[in-house]
Structure formats: structure tokens, C-alpha cells
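Residue-level listing of the chains:
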Amino acid sequence: GLLVAMQYTSIAQINESDTMKWQLRVSLTGNYQEGNVESLNIRSRLEFLVRPDEQWAFKSQMSGLYTQFYDRKIDNDINIRNTLYFQPEHRLSGYIAAYAFTNYRRKMKNRYVIAAGPSWQAIRTKTFILRLSANMVYESSLFKDIVANQFLTNNVIHIFDCFQNAFTEIAFFVAVPQ
């Protein structure tokens, strides 16, 4: 066997939107299989973050999924999330989010979600953050076919609601002496 020893210095942060001025991540993966089962699977992802000053941060995430078995389309989904943060480094901050989705299997032509509210970092240590948030949400969904559910019986659903969220951000730090 071969053993290679290297020394690394690690600098970590809890959330890249806290300190970075801009960031771009792009990925495209896929596979094609032929034989007993013929399938095609393509996934794409684009993330963009810009922070013009200490008061504001904007993050946009777009992803797509396409799946096909033989000549039958199984998935053709798009997911777009945009969030504007106000004072993201402060213990009490605000945000406005706008999401857009499509879902081929559920026959959802589009779903739009707009949310806004405050976020509070209830617990903040070097390795752990517990963030509590509340928001007002408006959601509109358009389906390709008529759906019968708890809201109404046609192909458009509108929802206006309030939500309270609790979520954690956990960062693991690796420190190696220089």
C-alpha cells in the first residue's frame, strides 16, 4: 500500500452567504443505460450568490431533472428558488423568497410560492446555529388536469397562510496544526 501524509489548514464558516461577495456553482450530470432497461437520466443545478454589501445578500438556486425509460418521459421537473436576505449576519434578520416549480409526474404545470418574514438565530455557537423563523406565504398551483382535493375541485389552487419554522445549521470544523 501507499501512504501519503499531507498537512492542511482549514478555515470554515457556517453559511457562505454570511461572508462571501459572490459565488457560482454549476453541475450537470447524467447517464444513459441500454440493455434490459433503456433509461436516460439528466440532472442540472445552478447556484448563484451575490452580496453587494453587508446589509443584503441574494441567492438563486435552479435545478432540473429529466428521466426517460425507453421512449416514455418519467420526469421533466424544474425547481427555481430565489431569496433576498436583509442583514444575514445579524441575530435578527429578514428575508423574501420566491419559488417556482414544475412537476411532470404530479401533472403540475407550475407552482409559485412567495414568502417573507423575520428569522432569529436563537442559539449561535461556533459549530451550531438554531434559527427560528416565521413567514407569510402565498402559493398558487396550476395543474394540467382537474384535481379534487381539500381546497377546491379545479386545476388552480391558491393558498395564503402563515408558517413558523425551526431549522438548524450545523458546521463541523476540522483543525489541523500548521
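Keep in mind it's a predicted model, so treat the numbers as computed, not measured.

Visitor: I'm lost on the pairing of strand S1 (residues 22-33) in this one. Help?
Guide: One face of the sheet, then the other: side chains in a regular strand alternate in exactly this way. Alignment of S1 against strand S2 (residues 39-50), held across twelve bridges, turns out to be antiparallel. Directly across from Val26, in S2, lies its bridge partner Leu46. Hairpin connection, S1 to S2: the antiparallel pair is bridged by five residues, and Gly35 has positive phi, about 140°.

Visitor: Is there a simple way to think about a nonpolar patch on the surface in this case?
Guide: Taken together, Trp22, Leu24, Val26 and Phe48 make up a surface patch of nonpolar side chains, about 460 Å² in accessible area. A total of three residues in the nonpolar patch trace back to one element, the largest contributor, which is S1. Along the chain, Trp22 turns up in strand S1. Trp22 sits in the exposed class, given a relative accessible area of 58%.

Visitor: What should I look at first to understand the pattern of salt bridges in this one?
Guide: Side chains that carry opposite charge are capable of pairing whenever their charged atoms lie near each other. Under the criterion given, the structure shown has five salt bridges. The shortest N-O distance in the salt bridge between Asp75 and Arg105 comes to 2.8 Å. In this pair, Asp75 sits in strand S4 (residues 72-86) while Arg105 sits in the loop between strand S5 (92-103) and strand S6 (108-124), placing the two residues 30 residues apart along the sequence. Close ionic contact of Arg111 with Glu139 constitutes a salt bridge, the shortest N to O distance being 3.1 Å.

Visitor: Is there a simple way to think about the layout of surface pockets in this case?
Guide: Over the atoms a probe the size of a water molecule is rolled, and this reveals where empty space is left. Roughly 220 Å³ of internal volume is contained in the second largest pocket. Lining the second largest pocket we find 17 residues, and of these Ser63, Leu65, Asp77, Ile78 and Asn79 sit closest to its centre. Residue assignment for the lining of the second largest pocket shows that the elements contributing at least two residues are S1, S2, strand S3 (56-69), S4, S5 and S6. Residue composition of the lining of the second largest pocket, by class: four nonpolar, eight polar and five charged.

Visitor: Looking at this structure, I do not really get the environment of Asp75. What am I missing?
Guide: Residue classification places Asp75 among the buried residues on the basis of a relative accessible area of 6%. Through-space distance from the C-alpha of Asp75 to that of Leu65 is 6.4 Å; in sequence the pair is ten residues apart. With sequence-adjacent residues up to four places away left out, Asp75 is seen in contact with Leu65, Tyr66, Thr67, Tyr104 and Arg105. One polar contact links Asp75 to Arg105, side chain to side chain, over a distance of 2.8 Å.

Visitor: Help me out: how do you make sense of the packing of aromatic side chains in this one?
Guide: For any pair of aromatic rings, geometry is given as the distance between the ring centres together with the angle between the planes. As enumerated under the stated definition, the model contains two aromatic pairs in all. Their ring planes at 55° and their centres at 4.8 Å tell us that Trp56 and Phe86 sit as a pair that is tilted. Note that Trp56 is positioned in strand S3 and Phe86 in strand S4, a separation of 30 residues in sequence. Residue Trp56 is classed as partly exposed on the basis of its relative accessible area of 36%. Here Tyr99 and Phe101 contribute two aromatic rings whose centre-to-centre distance is 6.1 Å and whose plane-to-plane angle is 75°, an arrangement assigned as edge-to-face. For Phe101, a relative accessible area of 21% translates into the label partly exposed.

Visitor: Looking at this structure, I do not really get the environment of Arg72. What am I missing?
Guide: Within the secondary structure, Arg72 is located in strand S4. A residue is classified by how much of its surface remains accessible, and Arg72, at 60% relative accessible area, is exposed. As for Arg72 and Ser39, which are separated by 33 residues in sequence, their C-alpha atoms are 9.3 Å apart.

How each quantity is defined
Residues numbered from 1 in each chain as written. Predicted model: local features only at pLDDT ≥ 70, side-chain atom pairs only at ≥ 80, totals over all residues. Heavy atoms only, no water. Pairing = 2+ DSSP bridges. Helix = DSSP H or I, 4+ residues; strand = E, 2+ residues; numbered from the N terminus. Patch = residues over 30% accessible without salt bridge, like charges linked within 9 Å, V, L, I, M, F, W, Y side chains within 5 Å. Areas by Shrake-Rupley, 256 points an atom, 1.4 Å probe, with all protein chains shown as cover. Salt bridge = Lys/Arg side-chain N within 4 Å of Asp/Glu carboxyl O. Buried < 20%, exposed > 50% of the residue type's maximum accessible area, 1.4 Å probe, protein only. 1 Å grid on protein atoms, 1.4 Å probe; cavity = no way out; pocket = protein on both sides within 12 Å on 5 of 7 lines; lining within 4 Å. Points joined across faces, edges and corners; volume = space filled by probe spheres on them. Nonpolar A, V, L, I, M, F, W, Y, C, P; charged D, E, K, R; others polar. Contact = heavy atoms within 4.5 Å. Polar contact = N/O pair within 3.5 Å; in protein donor to acceptor, adjacent residues only side chain to side chain. Phe/Tyr/Trp six-rings, centres within 6.5 Å; stacked < 30°, edge-to-face > 60°.

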